[in-house]
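Residue-level structure breakdown
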Amino acid sequence: MQNQQDVFFQDKVDKEIRIEPKDWMPEKYRQTLIRQISQHAHSEIIGMLPEGNWITRAPSLRRKAILLAKVQDEAGHGLYLYSAAETLGISRDEMYHQLHTGKAKYSSIFNYPTLSWADMGVIGWLVDGAAIMNQVPLCRSSYGPYARAMVRVCKEESFHQRQGFDILYTLGKGSEAQRKMAQDAINRWWWPSIMMFGPKDDESPNSIQSMKWKIKRFSNDELRQKFIDVCAEQVKVLGFTLPDKDLKWNEARKHYDFGTINWDEFWQVIQGNGPCNKERLDARKKAWADGEWVRDAATAYATKKTAKNKAA
Amino acid sequence: MSTHSNSKIEWPLWEIFVRSKQGLDHKHVGSLHAADAAMAIENARDVYTRRMEGISIWAVESKNIHASNPDEAGSLYDPANDKAYRHPTFYDLPDEVKYM
């Protein structure tokens, strides 16, 4: 039996009235959002690491400045999202703790290594492209602070995708070695990118409730298909290919058919057995531990100053 | 929320308001953590104005914000509901009247 508050809540959601922090909400709605928003924030923060790897080795000052700005944006996106999650009653430190102890997950894509400069292009084009596909509908998510944070994120994210495409487009016009490097990067990142949309609809247990609550607007498979359709066309402009021999336009469906996704690999990486899981988490934990004295010093300085002002 | 052994006092939370250009109001854009007001403004510059979104920032410690209670929204705002005469469109003017 549903109680009256639940009915009232669902009615608000159905009428597209946004839910705000102090409004009543079902406990499960709150928990689902905390899980989703914090995972999203963690992904932005961990997502800085694979690209940070190439900042010092960018091929020109221009590329370096762009990559630096992009990584800084990702830190910003993490912060918008952590703030949105905090409005649901979880503390920032608790979220960090969940990340550092492995209780909270982040997008499994960031557990793959960045082996060449072309990976910076592919991450922008495919990884950020997939993220945008996922995130644009979240700008209309039923929870106000999340939706507002996503509006900011999406505005900034589109530069990320274009700079990635620009890197690949440039490499495509380059030497044989550069073309080979770009194709190799596309080959390595394509399948993990389309896994970013999450498990197939019939194996995604939380999806139905999330769609009913309008936290999510489209299913994993719908978004994945849309992304594949877009990329299958864009790759032609780049002059490269996607590593899927079954990728073929289906006139009846008006969509591209594609090959079988290796879900075993997906679950392995999520469970911590990807190529860089340990490295990523260790880097994050080290940054947190190394920053401790700075946080303590700033707190001590602020406390002292407050005491001084009171005395004066 | 659960606690953990290495838990310390967090930097306080600040609400950030940004004026996008001269002549407009400061508008709430989000929140962030900082040890003091100076740091809150510096961080707000980095987090919320990376693309010329603002020319002035206010930072208010979140604990100092008092909000109306959504459960009392009815009794608080309903009295305005039946006072359509407060709007200029409530009045029918003769067609001859110009510029009013």
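These notes cover the structure that comes with them. Since the model is a prediction, treat every value here as computed from it, not as a measurement.

Reading the values: rules and limits
- Counting restarts for each chain, with residues numbered from 1 along the sequence as it is written.
- All chains are assigned letters beginning with A, and all ligands numbers beginning with 1, in the order in which they are written.
- Per-residue local features of the predicted model are confined to residues with pLDDT of at least 70, and side-chain atom pairs are confined, for both listing and counting, to 80 or more; whole-chain, interface and lining totals are unaffected and use all residues.
- For side-chain calculations, the full set of non-hydrogen atoms in the structure is used, while hydrogens and water are omitted.
- Each helix is a run of DSSP H or I of at least 4 residues and each strand a run of E of at least 2, with the numbering of both proceeding from the N terminus.
- Here the globule rule reads 2.2 Å times residues to the power 0.38, and the radius of gyration is calculated from C-alpha atoms.
- Accessibility here uses a 1.4 Å probe with only protein chains present; expressed as a share of the type maximum, an area under 20% marks a residue as buried, one over 50% as exposed, and anything in between as partly exposed.
- The contact rule is simple, with two residues in contact once any of their heavy atoms fall within 4.5 Å.
- Only the protein chains shown count as covering a residue, and every accessible area follows the Shrake-Rupley method with a 1.4 Å probe.
- Counted charges follow a simple rule, with Lys and Arg positive, Asp and Glu negative, and His plus the chain ends left uncounted.
- Think of each charge as sitting on NZ of Lys, CZ of Arg, CG of Asp or CD of Glu.
- What is meant by a nonpolar core is a set of buried Ala, Val, Leu, Ile, Met, Phe, Trp, Tyr and Cys residues, joined one to another through side-chain atoms within 4.5 Å.
- Buried area: the accessible surface (1.4 Å probe) lost by two parts on joining, summed over both.
- Basic side-chain nitrogens of Lys or Arg form a salt bridge, by our definition, when they fall within 4 Å of a carboxyl oxygen of Asp or Glu.
- Here a strand pair is declared whenever DSSP counts at least two bridges between the two strands.
- Under this scheme, a helix contributes an axis fitted over its contacting stretch, all axes are lines through C-alpha atoms, and angles between N-to-C directions fall in the 0 to 180 degree range.

Considerations on the overall build of chain B
What chain B contains, in helices and strands, is 2 helices and 3 strands. Written out in order from the N terminus, the α and β elements of chain B read β-β-α-β-α. Since a compact globule built from 100 residues should have a radius of gyration of about 13 Å, the 22 Å found for chain B marks it as more spread out than a globular shape. Dimensions of chain B, computed from C-alpha atoms along their principal axes, come out at roughly 75 × 35 × 20 Å. Looking at chain B as a whole, 22% of its 100 residues are labelled buried. Residue pairs in contact within chain B that sit at least 24 positions apart in sequence constitute 43% of those at least 6 positions apart. For chain B, the accessible surface area stands at approximately 7700 Å², while carbon and sulfur atoms represent 55% of it. For chain B, the separation between the mean place of its 11 positive charges and that of its 15 negative charges on side chains is 8 Å.

Side note on the nonpolar core
Judged by nonpolar contacts, the single largest core of 88 residues is most densely connected at Tyr29, Ile37, Trp125, Tyr143, Trp190 and Phe227 of chain A together with Leu32 of chain B. Apart from residues no more than four positions distant in its own chain, Phe227 of chain A is found in contact with Leu126, Gly129, Ala130, Met133, Trp190, Ser193, Ile194 and Phe197 of chain A.

As for the interface of chain B and chain A
Tallying the contact residues gives 24 residues for chain B and 30 residues for chain A. Together chain B and chain A conceal approximately 2200 Å² of surface at their shared face, both sides included; 48% is due to carbon and sulfur atoms. Linking chain B with chain A are 5 salt bridges, by the criterion used here. Measuring nitrogen to oxygen at the nearest pair gives 2.8 Å for the salt bridge that ties Asp73 of chain A to Arg50 of chain B.

With respect to the sheet that holds strand β3 (residues 56-61) of chain B
Residue and element names in this part refer to chain B. Pairing in this open sheet of 3 strands is antiparallel, and the strands run β2-β1-β3 from one edge to the other. Across the chains shown, the open sheet's two edge strands, defined by having one partner strand only, are β2 (26-33) and β3. Between one strand axis and the next, the sheet turns through 25° on average, direction left out of account. Direction of pairing for strand β1 (residues 13-19) relative to β2: antiparallel, over a ladder of 7 bridges. Looking at β2, one finds that Glu15 is bridged to Ser31.

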